[in-house]
Amino acid sequence: MSRGLVLSGEHALFSAAAGLTPADVTVRWTASMGVRRPSGISCTVPTRPTSAATPGNTALVHAEAAYRQAVRAAADHACARAAARIVGAEVASTSRRVRALRRHWIPRPQEALAHVDLAPEQSEHEDSVRRRWAAQVLKGMERQTERDGPSEDRSARR
């Protein structure tokens, strides 16, 4: 472009650009694993119409061809970069959600499950303590009756 401007000046550039239509870029979208992202592009760079003036020198002809390729490459790059940015943001968001689940939500049911697992053992322990206590009380009552003798003798002594 610089060579063409040096050789023919800016007026040659403006006259060469007159009558040209802009490029048309269409982005195709896809969704993978729930993430909507660009999957490709369709880039149409129109050719020079026959009614348009030809560039004033060959440097501008070569610049026009190079800019056609640059527009296609820029569109491809923009599509790939946008897809990478979108997928990267979704990966970061998913990582935060997983970390929150691991730190906050998963431990709660695990603690409840551990409590439920310990409940029968605790209940069994309490029953065992009650049986021992009841056995000791019965044994103490039996000893007391043995010491005091039959209850009829006790009433006769008084």
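This is a predicted model, so every value here is computed, not measured.

**Brief notes about the overall build of the protein chain**
Item 1. Along its length, the protein chain carries five helices and two strands.
Item 2. Starting at the N terminus and walking to the C terminus, you meet the elements of the protein chain as α-α-β-β-α-α-α.
Item 3. Relative to its 158 residues, the protein chain shows a buried fraction of 16%.
Item 4. By sequence separation, contacts in the protein chain at least 24 residues apart represent 53% of the contacts at least 6 residues apart.
Item 5. Counting every atom, the protein chain has about 12,600 Å² of accessible surface; 57% of that belongs to carbon and sulfur.

**Section: the packing of helix 3 (residues 58–105) against helix 4 (residues 107–148)**
Item 1. With their axes 5 Å apart at the nearest point, helix 3 and helix 4 run at an angle of 30° to one another. Our classification of the angle between helix 3 and helix 4 gives roughly parallel. Judged by residue contacts, Leu101, Arg102, Arg103, His104 and Trp105 of helix 3 engage Pro107, Arg108 and Pro109 from helix 4.

**Considerations on a nonpolar patch on the surface**
Item 1. Taken together, the side chains of Trp133, Val137, Leu138 and Met141 present a nonpolar region at the surface, about 440 Å² in accessible area.
Item 2. Looking at the secondary structure, you find Val137 in helix 4.
Item 3. The class for Val137 is partly exposed, based on a relative accessible area of 34%.

**So, the pattern of salt bridges**
Item 1. Here the structure, examined in full by the defined rule, presents four salt bridges.
Item 2. One salt bridge in this structure joins Glu90 and Arg97, with 3.9 Å as the shortest N-O distance.
Item 3. The exposure class of Glu90 is partly exposed, given its relative accessible area of 31%.
Item 4. The closest approach of N and O atoms between Arg130 and Asp127, which form a salt bridge, is 2.9 Å. With Arg130 and Asp127 both in helix 4, this residue pair falls three residues apart, about one helical turn.

**Description of unusual backbone geometry**
Item 1. The backbone phi angle of Met33 is positive, close to 55°, even though this residue is not glycine.
Item 2. Following the sequence through the fold, Met33 ends up in the loop between strand 1 (24–32) and strand 2 (35–44).

Reading guide: rules and limits
- Residues numbered from 1 in each chain as written.
- Predicted model: local features only at pLDDT ≥ 70, side-chain atom pairs only at ≥ 80, totals over all residues.
- Heavy atoms only, no water.
- Helix = DSSP H or I, 4+ residues; strand = E, 2+ residues; numbered from the N terminus.
- Buried < 20%, exposed > 50% of the residue type's maximum accessible area, 1.4 Å probe, protein only.
- Contact = heavy atoms within 4.5 Å.
- Areas by Shrake-Rupley, 256 points an atom, 1.4 Å probe, with all protein chains shown as cover.
- Axes fitted to C-alpha atoms, helices over the stretch in contact; angles between N-to-C directions.
- Parallel < 35°, antiparallel > 145°, perpendicular 65-115°, else oblique.
- Patch = residues over 30% accessible without salt bridge, like charges linked within 9 Å, V, L, I, M, F, W, Y side chains within 5 Å.
- Salt bridge = Lys/Arg side-chain N within 4 Å of Asp/Glu carboxyl O.

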